[in-house]
Amino acid sequence: MNLGDHLERGLSAVGITKQRVSRLLGRPCKCKERQRRLNELGQQAAAAVRKLTGQEPAADAKKLDDQTH
């Protein structure tokens with residue numbers, strides 16, 4: 001699970017859903033695109049932190065991430 005996924009779950013938990021946002025805006029919310037971009041940003045940030053700290057992702061975490069994408 002990545003940054004955009006966490007944000008979507010958190011907002012949904014407090015009642016801010018894609019459907020409500022679309023209804024409020026009066027047009028499609030583009031939430032999926034925003035979620036995808038946030039996921040990419042989160043992955044890039046995590047990779048940068050690992051590079052700066054000299055850490056590599058755990059083999060199990062990388063394997064799980066590869067299976068979900």
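Rules and cut-offs
- Residues numbered from 1 in each chain as written.
- Predicted model: local features only at pLDDT ≥ 70, side-chain atom pairs only at ≥ 80, totals over all residues.
- Heavy atoms only, no water.
- Axes fitted to C-alpha atoms, helices over the stretch in contact; angles between N-to-C directions.
- Helix = DSSP H or I, 4+ residues; strand = E, 2+ residues; numbered from the N terminus.
- Parallel < 35°, antiparallel > 145°, perpendicular 65-115°, else oblique.
- Contact = heavy atoms within 4.5 Å.
- Nonpolar A, V, L, I, M, F, W, Y, C, P; charged D, E, K, R; others polar.
- pLDDT = per-residue confidence, 0-100.
- Disulfide = S-S within 2.5 Å.
- Buried < 20%, exposed > 50% of the residue type's maximum accessible area, 1.4 Å probe, protein only.
- 1 Å grid on protein atoms, 1.4 Å probe; cavity = no way out; pocket = protein on both sides within 12 Å on 5 of 7 lines; lining within 4 Å.
- Points joined across faces, edges and corners; volume = space filled by probe spheres on them.
- Expected span 1.5 Å × (residues − 1).

Trainee: Please explain the packing of helix 1 (residues 3-13) against helix 3 (residues 31-53) as it appears in this structure.
Mentor: Packed helix pairs are characterised by how far apart their axes lie and by the angle those axes make with each other. Across the interface, helix 1 lies against helix 3 with an axial gap of 6 Å and an inter-helix angle of 130 degrees. Taken together, the axes of helix 1 and helix 3 are oblique relative to one another. Each of Leu-3, Gly-4, Asp-5, Leu-7 and Glu-8 in helix 1 lies in contact with helix 3, whose residues at this interface are Gln-35, Leu-38, Asn-39 and Gly-42. Its residues assigned to classes, the contact of helix 1 with helix 3 shows three nonpolar, four polar and two charged.

Trainee: Hey, could you run me through the confidence of the model for the protein chain in this one?
Mentor: In low-pLDDT regions, the fine details of the predicted coordinates are not to be read closely. Residues of the protein chain with pLDDT of at least 70 account for 81%, and the chain-wide mean is 87. Model confidence for the protein chain, summarised as mean pLDDT per element, is weakest for helix 4 (residues 59-68) at 56 and strongest for helix 1 at 96.

Trainee: How should the state of the cysteines be read in this particular structure?
Mentor: What makes a disulfide is a covalent bond joining the sulfur atoms belonging to two cysteines. Taken as a whole and assessed by the stated rule, the structure comprises one disulfide. What pairs with Cys-29 in a disulfide is Cys-31, and their sulfur atoms sit 2.2 Å apart. Neither Cys-29 nor Cys-31 differs from the other in exposure class; each is buried.

Trainee: How do you make sense of the layout of surface pockets when you look at a structure like this?
Mentor: Over the atoms rolls a probe the size of a water molecule, and in doing so it shows where empty space is left. Roughly 220 Å³ of volume is contained in the second largest pocket. If you trace the second largest pocket, you find 13 residues lining it, with Glu-8, Leu-11, Lys-18, Cys-31 and Arg-34 closest to the centre. Only helix 1, helix 2 (18-25) and helix 3 provide two or more residues apiece to the lining of the second largest pocket. Considering every element that reaches the lining of the second largest pocket, the biggest residue donor is helix 1, with five residues. Looking at side-chain class alone, the lining of the second largest pocket contains six nonpolar, four polar and three charged residues.

Trainee: For this particular structure, what's the right way to read helix 3?
Mentor: Since the α-helix packs 3.6 residues into each turn, any two residues three or four apart lie on the same face. Between its first and last C-alpha atoms helix 3 spans 32 Å; for 23 residues at 1.5 Å apiece the expected length is 33 Å, and the two agree. Of all the positions in helix 3, only Cys-31, Gln-35, Asn-39 and Gly-42 are classed as buried. The inward-facing, buried residues of helix 3 abut helix 1 and helix 2. Phi turns positive one or two residues past the end of helix 3, at Gly-54, with a value near 75 degrees.

Trainee: I tried to follow the environment of Leu-3 on my own but got confused; where do I start?
Mentor: In this structure, Leu-3 sits in helix 1. A relative accessible area of 41% places Leu-3 in the partly exposed class. Between the C-alpha atoms of Leu-3 and Arg-37, which are 34 residues apart in sequence, the distance is 9.2 Å.

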